[in-house]
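Remarks on the overall topology
Chain by chain, the residues:
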Amino acid sequence: MRVYGTEITLPLFLGTAQYPSPAILQDAILSSQCEVVTVSLRRETAGGTGARFWDMLRATGARILPNTAGCHSVQEAVTTAQMARELFATDWIKLEVIGHGDTLQPDVFALVEAARILATDGFKVFPYMNDDLIVGEKLLEAGCQVLMPWGAPIGSGQGLRNPDALRAMRAHFPDTPLIVDAGIGRPSDAVLAMELGMDAVLLNTAVARAGDPVGMARAMALAVETGRLGFAADPIDRRDMAVPSTPVLGLAELM
Amino acid sequence: MHITVNAKPHDISAETLAAALVELGFTSAAIATALNGQFVPVPAREATHLTAGDRLEVLAPMQGG
């Protein structure tokens, strides 16, 4: 996948929250060989733990994608993005503008407004969105060059609640990188997303909260590769009835 | 001067943002600042004067999804 001029080999973006320990997070990144990890900003605590976390992440060599998680307004998101750009020395920003506290679904109106402000200011915006085609069009008009539709609510692990909508997005935006962000629970969900023609999958909880996060990170890496190869190989259409795979011609009469 | 730092009240003698960060013990280079909801980049901290009642946010890298 090529996004904002950067070639990404493994179509897996990994979140860095909720791991049992920093060492397990580091092992998960390394075992999956994922090239992009998401991070956030929070109030600095006594002792400056943020700097240690930042040093550890840089040691993995992964590209950093800061987010605006927890922001509920355009101003919060824009200010957070500006702070992230300075802190992480990147103009990439995963733009989240949350609209509802229970579902964590995006406020798509504020999202488009914030995306326009940030893109105009030179940011490379990765918008966390729902799977609405028109919202996608508005985000592209605002300057986004990638779209990140949800698969299911953040952290729910429900997988892809509406594969048809993602299929429609693929058809409607054939040349735009599409990354499923949120909702992935199992490797099979990641396979399905990639088989639908998505360009990548972004996930966090599915790996971080698994019994073996390092093993799950590796499983997810294999899953996205499997799904991508499957999509590229043009799967057969489903049929309602059986069709024999063994040739019927030449079948002996033995009754 | 009374200001709010990361949602907690503080009484500081510093008059600029740069001096306030030193006084408050934010010595890490890995921080970003916002004053009253507006981002203040590192080069502007020295010239940014504080006023009583200001709300200062000091953020650092954190795990995120």
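First things first, this report covers the structure right here in the doc.

Residues and elements named next belong to chain A. Tallied over the entire structure, the rule returns three aromatic pairs over all chains. Here Trp92 and Phe126 contribute two aromatic rings whose centre-to-centre distance is 4.9 Å and whose plane-to-plane angle is 45 degrees, an arrangement assigned as tilted. Of this pair, Trp92 sits in strand β6 (residues 92-95) while Phe126 sits in strand β7 (residues 124-129), and the two are 34 residues apart along the sequence. Residue Phe126 is classed as buried on the basis of its relative accessible area, which comes to 0%. Put simply, the rings of Tyr4, Trp92 and Phe126 pair up and form one aromatic cluster.

Bringing the pattern of salt bridges into the picture now. Residues and elements named next belong to chain A. In the structure shown here, the tally under the stated rule is 11 salt bridges over all chains. Close ionic contact of Asp91 with Lys124 constitutes a salt bridge, the shortest N to O distance being 3.0 Å. In this pair, Asp91 is assigned in the loop between α3 (74-88) and β6 and Lys124 in strand β7, connecting sequence segments 33 residues apart. Classification of Lys124 by relative accessible area gives partly exposed; the value is 26%. We note a salt bridge from Asp181 to Lys94, for which the minimum N-O separation is 3.3 Å. Of this pair, Asp181 sits in strand β9 (residues 179-181) while Lys94 sits in strand β6; the two residues are 87 residues apart in sequence, bridging distant segments of the chain. Note on Asp181: relative accessible area 3%, which makes it buried.

Glancing now at the interface of chain B and chain A. Between chain B and chain A, the residue contacts involve 26 residues of the former and 25 residues of the latter. Where chain B abuts chain A, roughly 2200 Å² becomes buried across the two surfaces, and 63% of that area is made up of carbon and sulfur atoms. Considering only the surface of chain B that becomes buried against chain A, Pro61, Met62 and Gly65 of chain B emerge as the three largest contributors, covering 29% of it. For Glu86 of chain A, the salt bridge goes to Arg45 of chain B, with nearest N and O atoms at 3.9 Å. At the boundary of chain B with chain A, the tally comes to 12 residue pairs in polar contact (both at pLDDT 80 or more). Broken down by secondary-structure element, the contributors of at least two residues to the side of chain B that touches chain A are β3 (32-35), β4 (38-40) and β5 (55-63) of chain B. By residue number, the principal contributor to the side of chain B that touches chain A is β5 of chain B, which donates seven residues. Looking at chain direction, strand β4 (residues 36-43) of chain A and β5 of chain B are connected through five bridges and run antiparallel. The residue bridging Ser40 of chain A from the neighbouring strand is Met62 of chain B, located in β5 of chain B.

In this structure, Phe13, Leu57, Leu95, Val125, Phe126, Leu139 and Ile179 of chain A are the most contacted members of the largest nonpolar core, which totals 86 residues. Counting residues per element, this core draws most heavily on α3 of chain A, which supplies eight residues. Ignoring anything within four residues of it in the chain, the contact list for Leu57 of chain A reads Thr16, Ile29, Val37, Val39, Ala62 and Ile64 of chain A. Core analysis: the second largest hydrophobic core is formed by 14 residues, Ile3, Val5, Leu21 and Leu35 of chain B among them.

About the cut-offs
- Residues numbered from 1 in each chain as written.
- Chains lettered and ligands numbered in written order.
- Predicted model: local features only at pLDDT ≥ 70, side-chain atom pairs only at ≥ 80, totals over all residues.
- Heavy atoms only, no water.
- Phe/Tyr/Trp six-rings, centres within 6.5 Å; stacked < 30°, edge-to-face > 60°.
- Helix = DSSP H or I, 4+ residues; strand = E, 2+ residues; numbered from the N terminus.
- Buried < 20%, exposed > 50% of the residue type's maximum accessible area, 1.4 Å probe, protein only.
- Salt bridge = Lys/Arg side-chain N within 4 Å of Asp/Glu carboxyl O.
- Contact = heavy atoms within 4.5 Å.
- Buried area = accessible area lost by both parts, 1.4 Å probe.
- Polar contact = N/O pair within 3.5 Å; in protein donor to acceptor, adjacent residues only side chain to side chain.
- Pairing = 2+ DSSP bridges.
- Core = buried A, V, L, I, M, F, W, Y, C linked by side-chain atoms within 4.5 Å.

So, to be careful, I would describe these as geometric facts and stop short of saying anything about function.
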